[in-house]
Amino acid sequence: TSCVDDPTWAGKFNIDHTCDHVALKPDVRCNWENSEGEKANAACPETCDPDCTSSPVASPVAPPPTSSSPSSAPVASPVASPTTPQDECTNDDTWAGKMNVAHTCDYVARKPDNRCRWENSEGVKANTACPLACWTECRDSGSPCFKDIFCHSGECKADGI
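Residues numbered from 1 in each chain as written. Predicted model: local features only at pLDDT ≥ 70, side-chain atom pairs only at ≥ 80, totals over all residues. Heavy atoms only, no water.

Asker: Any chance you could explain the pattern of salt bridges here in plain terms?
Answerer: It is possible for side chains of opposite charge to pair when their charged atoms get near one another. Under the counting rule described, the total for this entry stands at four salt bridges. D16 is paired through a salt bridge with K125; the nearest N and O atoms lie 3.1 Å apart. With D16 in the segment before α1 (19-24) and K125 in the loop between α6 (112-115) and α7 (126-129), this residue pair connects regions lying 109 residues apart in the sequence. Here K125 falls in the partly exposed class, since its relative accessible area comes to 26%. A salt bridge links D113 to K25; its shortest N-O distance comes to 3.1 Å. (Salt bridge = Lys/Arg side-chain N within 4 Å of Asp/Glu carboxyl O. Helix = DSSP H or I, 4+ residues; strand = E, 2+ residues; numbered from the N terminus. Buried < 20%, exposed > 50% of the residue type's maximum accessible area, 1.4 Å probe, protein only.)

Asker: Sorry, what's going on with the nonpolar core here?
Answerer: Nonpolar side chains in soluble globular proteins generally cluster together in the buried interior. Among the nonpolar cores identified, the biggest contains 11 residues, and these are L24, W95, C105, V108, A109, C116, A126, A129, C130, A133 and C134. Listing elements by their share of this core, those giving two or more residues are α5 (105-110), α7 and α8 (131-134). Setting aside residues no more than four positions away along its own chain, L24 makes contact with R29, C116 and C134. Counting residues in each nonpolar core, the second largest holds eight residues, with W9, C19, A43 and C44 among its members. (Core = buried A, V, L, I, M, F, W, Y, C linked by side-chain atoms within 4.5 Å. Contact = heavy atoms within 4.5 Å.)

Have a look at this one:
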């Protein structure tokens, strides 16, 4: 089976409920279905199937030639698994939701499950512009800002403070 999420799948109640949205809470959302009755479990295997992992994959790589003679057979070499570099976990401090300029990434971080699908006036989703607020990999990467705590000018504060 393929471990690639279907980019066309969306939940039956909201077209923004794609596999990316399911990934924000897979324990609950992998049971959602689209208007045709297809469950996220089937359409979003990368997100929902625990057997689909992003572990390193062996890839044949030819060694560099050492002489004018033909090279030896390809050698398997591990491919590094994806990482989330710190710069990818930096919110865009210029992003604001299209309905209110006060709806910045800091605001999105207060309720990421609801707000990460919001867009700005250029159509850029908070999920793209606010990785520290929206991406589990960033929230869980050792950053002190997550869940009911949000970042404001580089400081973490409890929601409502």
